[in-house]
Amino acid sequence: MHPAASVIIFTTLSGLGFGLLAWLGIDATPPTGWGAFGYFFIGFSFAVGGLMASTFHLGHPERAWRAFSQWKTSWLSREGICAVAALIVMGLYAAALVFFARHYVILGWIGTVLSLGTVFTTSMIYGQLKTIPRWNTPMTSVLYMTFAITGGALLSGKVAIACVLFFVAGLVQILWWKQGDSAFAERGTDLGTATGLGDRGTVRSMAHPHTSPNYLMREFVHVIGRKHAQKLRVISLILMAVLPVLLLMLPFHHIFAIAAVASHIAGVAVSRWLFFAEAEHVVGLYYGMR
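The structure displayed is predicted, hence computed values, not measured ones.

Peer 1: Help me out: how do you make sense of the side chain of T150 in this one?
Peer 2: With respect to the secondary-structure elements, T150 resides in helix α5 (residues 138-155). In this structure T150 comes out as buried when scored by relative accessible area, which is 0%. T150 has contacts with A162, L165, F166, A169 and H264, leaving out every residue within four places of it along the chain.

Peer 1: Explanation requested: the environment of S212 in the structure shown.
Peer 2: Along the chain, the position of S212 falls in the loop between α7 (191-195) and α8 (215-220). Considered as a pair, S212 and C82 are 130 residues apart in the sequence and their alpha carbons are 41 Å apart.

Peer 1: What am I meant to see in the layout of surface pockets here?
Peer 2: The gaps left among the atoms become clear once a water-sized probe is rolled over them. Here the second largest pocket is characterised by a volume of approximately 310 Å³. Lining the second largest pocket are 13 residues, and of these L154, L155, G157, A257 and V261 sit closest to its centre. Counting residues per element, the ones that place at least two in the lining of the second largest pocket are α2 (33-54), α5 and α10 (254-277). Split into classes, the residues belonging to the lining of the second largest pocket amount to 10 nonpolar, 3 polar and no charged.

Peer 1: It is not clear to me how the pattern of salt bridges should be interpreted in this structure. Could you clarify?
Peer 2: Where side chains of opposite charge bring their charged atoms close, a pairing between them can arise. Scanning all chains against the criterion turns up 4 salt bridges. Notably, a salt bridge pairs D27 with K158, separated by 3.9 Å at the nearest N-O pair. Of this pair, D27 sits in the loop between α1 (5-26) and α2 while K158 sits in the loop between α5 and α6 (159-187), and the two are 131 residues apart along the sequence. Look at K158 and you get partly exposed, because its relative accessible area is 22%. Between R233 and E278 there is a salt bridge, with the nearest N and O atoms lying 2.9 Å from each other. With a gap of 45 residues between them, R233 in helix α9 (residues 226-249) and E278 in the loop between α10 and α11 (283-286) connect regions that are remote in the sequence. For R233, a relative accessible area of 7% translates into the label buried. Beyond isolated ion pairs, a larger network of salt bridges with shared partners links R134, D181, R233 and E278.

Peer 1: For this particular structure, what's the right way to read the nonpolar core?
Peer 2: The tendency in soluble globular proteins is for nonpolar side chains to be buried side by side. Formed by 62 residues in total, the largest nonpolar core has its most connected members in F18, F40, Y126 and W135. Those elements giving two or more residues to this core turn out to be α1, α2, α3 (75-100), α4 (105-127), α5, α6, α9 and α10. Counting residues in each nonpolar core, the second largest holds 5 residues, with M217, F220, V283 and Y287 among its members.

Peer 1: Hey, could you run me through empty space enclosed by the protein in this one?
Peer 2: Counting across every chain of the model gives 1 cavity of 30 Å³ or more. Computed from the structure, the largest cavity encloses a volume of approximately 110 Å³. T11, S14, G15, L16 and R272 are, among the 14 residues lining the largest cavity, the residues nearest its centre. When contributions to the lining of the largest cavity are tallied by element, the ones reaching two or more residues are α1, α4, α5 and α10. It is α1 that provides the largest number of residues to the lining of the largest cavity, a total of 6 residues. Class assignment of the residues belonging to the lining of the largest cavity gives a composition of 7 nonpolar, 6 polar and 1 charged.

Peer 1: Can you walk me through α2 in this structure?
Peer 2: Each turn of an α-helix holds 3.6 residues, which means side chains three or four residues apart point in the same direction. Compared with an ideal rise of 1.5 Å per residue, which puts 22 residues at 32 Å, α2 spans 32 Å between its outermost C-alpha atoms and is within 8% of the ideal. Every buried residue of α2 is accounted for by A36, F40, G43, A47, G50, L51 and A53. Buried residues along α2 sit in contact with α1 and α3.

Peer 1: What am I meant to see in the environment of M240 here?
Peer 2: Within the secondary structure layout, M240 lies in helix α9. If we ignore the near neighbours within four places in the chain, the residues touching M240 are F147, F166, A169, G170, Q173, S263, H264, G267 and V268.

Peer 1: It is not clear to me how a nonpolar patch on the surface should be interpreted in this structure. Could you clarify?
Peer 2: A cluster of nonpolar residues, F68, W71, I81, V84, I88 and L92, forms a patch on the protein surface that exposes about 560 Å² of accessible area. Within the secondary structure layout, L92 lies in helix α3. Here L92 falls in the exposed class, since its relative accessible area comes to 51%.

What counts, and at which threshold
- Residues numbered from 1 in each chain as written.
- Predicted model: local features only at pLDDT ≥ 70, side-chain atom pairs only at ≥ 80, totals over all residues.
- Heavy atoms only, no water.
- Helix = DSSP H or I, 4+ residues; strand = E, 2+ residues; numbered from the N terminus.
- Buried < 20%, exposed > 50% of the residue type's maximum accessible area, 1.4 Å probe, protein only.
- Contact = heavy atoms within 4.5 Å.
- 1 Å grid on protein atoms, 1.4 Å probe; cavity = no way out; pocket = protein on both sides within 12 Å on 5 of 7 lines; lining within 4 Å.
- Points joined across faces, edges and corners; volume = space filled by probe spheres on them.
- Nonpolar A, V, L, I, M, F, W, Y, C, P; charged D, E, K, R; others polar.
- Salt bridge = Lys/Arg side-chain N within 4 Å of Asp/Glu carboxyl O.
- Core = buried A, V, L, I, M, F, W, Y, C linked by side-chain atoms within 4.5 Å.
- Expected span 1.5 Å × (residues − 1).
- Patch = residues over 30% accessible without salt bridge, like charges linked within 9 Å, V, L, I, M, F, W, Y side chains within 5 Å.
- Areas by Shrake-Rupley, 256 points an atom, 1.4 Å probe, with all protein chains shown as cover.

Quick look at the structure:
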């Protein structure tokens, strides 16, 4: 699929933001006052900023609010409801810590569940799509949840936990790539099934169905070279997991911590770009491009 900048920013930042809010919600000794304000400001900025970025990929962003009415059938609608609920609960939880130094444990735990629930619903927007075999797997949800929890641990200052989670996130990412590389072939779809003419013999594409590119070809048929993808995978893993660990192992300094966060965010962004760029939509078969 065509990797739109808006959805890359959305999936990268919102996951980090809700991951941080989730860790703050279960913290047994959370910060209070200005310290709490700083952490929650970062968490809300990433979460809300990511959600706002997602609307720019819509044809009519002003109609985004209508998605909330389809919660029975749409994961996008469930994501929106979950996100709003999480932000409201965590907002109340944060206000109690910042202004009154009061720690309402139950409120924090509810906010954590809703925050992680938002990440899960985001992952299911993609994981439910049978038309994209690479995404249509439970591993997609595992990938999104792992990244959110890892990034949240890093942003919340849980260095020891984050270092372990970097290894886990890297492993999950590798497994997701490995499974995805064979997903399209294992689905058993080809040009014959795409056109419905497979029972008549081998089907070959002699010309595109259209004389010029259309919406389907622009959005759903994006081909990335294998060598290029492999290089980006290595870059993603290094930036996302390896370099942050090396930076965090250096004598503690705010500059190294900030560099570790920046490296992780950059690595996740590259991973997200590949997430969309490598997605093989079955509509590509109709155009003889798979």
